[in-house]
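Chain by chain, the residues run as shown.
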Amino acid sequence: MTLINILSLLGGVGIGAMIQTLFTIIARNKEMMNKRCYIEKRNAYLGLLTALHDAAVHPSMESSKAYALWQTKVDLFGSVDVRKFAQEMVDTNDTPKERSIAFNNLKNSMRRDLNIDKGKL
């Protein structure tokens, strides 16, 4: 084997290793961002549900404002459907049947967004 062939082989292996490392870094960063996004969504959804519970148990201006704060967090991190049904919860406050439907839709859209299979719980 000539010196040029050996250098070409070593160069190819080195470039391949660098490309593999680059792809590994990109994949790891994407995985970290997906995990972080999941955690932010989950926390916003749990906070919204807690605020909803507090508003039902202790109706007050303070609990309404707490719900509005969590709804804003859901607006930042949540899916379109979750945002829609969180607003429907506010809009159907005086109609129990419609509110119950909105609540079920809210829970189901949260499950879908967090990729939680109801049958496996």
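This text follows the structure it describes.
Because the structure is predicted, anything quoted here is derived from the model rather than measured.

Okay, the overall build of the chain next. Check the secondary structure of the chain and you find 4 helices and 0 strands. Counting helices and strands in the order they occur from the N terminus, the chain gives α-α-α-α. Scored against the burial criterion, the 121 residues of the chain give a buried share of 19%. Considering only contacts within the chain whose residues lie at least 6 apart along the sequence, 51% involve residues at least 24 apart. When the accessible surface of the chain is summed, it comes to about 9,100 Å², and 62% of that surface belongs to carbon and sulfur atoms.

Before going further, it helps to examine the packing of helix 2 (residues 61-77) against helix 3 (residues 80-91). Interhelical geometry of helix 2 versus helix 3 gives an angle of 160° and a closest axis separation of 9 Å. It follows that helix 2 is roughly antiparallel to helix 3 by the angle criterion. For helix 2 against helix 3, the interelement crossing comes out left-handed. Between helix 2 and helix 3, the contacting residues are Tyr67, Gln71, Val74 and Asp75 on the first element and Val82, Arg83, Ala86, Gln87, Met89 and Val90 on the second. Of the residues contributing to the contact of helix 2 with helix 3, the split by class is 6 nonpolar, 2 polar and 2 charged.

All right, on to the nonpolar core then. Formed by 15 residues in total, the largest nonpolar core has its most connected members in Leu48, Tyr67 and Leu106. Looking at this core, the elements that each hand over two or more residues are helix 1 (3-57), helix 2, helix 3 and helix 4 (96-114). Of all the elements, helix 1 adds the most residues to this core, at 5 residues. Sequence-distant contacts of Leu106, that is, excluding residues within four places in its chain, are made with Leu48, Leu49, Val82, Phe85, Ala86 and Met89.

Taken as a whole, this structure holds 2 salt bridges when the rule is applied. In this structure, Lys41 engages Asp113 in a salt bridge whose closest nitrogen and oxygen atoms are separated by 2.9 Å. Residue Lys41 is located in helix 1, and its partner Asp113 is located in helix 4; the two are separated by 72 residues in the primary sequence. One salt bridge in this structure joins Asp81 and Arg112, with 3.9 Å as the shortest N-O distance. Taken together, the positions of Asp81 in helix 3 and Arg112 in helix 4 put the pair 31 residues apart, joining distant regions of the chain.

This next bit is on helix 4. An ideal rise of 1.5 Å per residue puts 27 Å on 19 residues; helix 4 measures up with 27 Å between its terminal C-alpha atoms. By the burial criterion, the buried members of helix 4 are Ala102, Leu106, Ser109, Met110 and Leu114. The arc that holds the buried residues of helix 4, viewed along the axis, is 120°, so those residues lie on one side. With respect to the buried face of helix 4, the exposed residues turned more than 90 degrees away are Lys97 and Arg112.

Rules and cut-offs
Residues numbered from 1 in each chain as written. Predicted model: local features only at pLDDT ≥ 70, side-chain atom pairs only at ≥ 80, totals over all residues. Heavy atoms only, no water. Helix = DSSP H or I, 4+ residues; strand = E, 2+ residues; numbered from the N terminus. Buried < 20%, exposed > 50% of the residue type's maximum accessible area, 1.4 Å probe, protein only. Contact = heavy atoms within 4.5 Å. Areas by Shrake-Rupley, 256 points an atom, 1.4 Å probe, with all protein chains shown as cover. Axes fitted to C-alpha atoms, helices over the stretch in contact; angles between N-to-C directions. Parallel < 35°, antiparallel > 145°, perpendicular 65-115°, else oblique. Left-handed = near helix turned anticlockwise from the far one by under 90°. Nonpolar A, V, L, I, M, F, W, Y, C, P; charged D, E, K, R; others polar. Core = buried A, V, L, I, M, F, W, Y, C linked by side-chain atoms within 4.5 Å. Salt bridge = Lys/Arg side-chain N within 4 Å of Asp/Glu carboxyl O. Expected span 1.5 Å × (residues − 1). Arc of directions from axis to C-beta.

Read these as layout, nothing more, since geometry by itself doesn't imply function.
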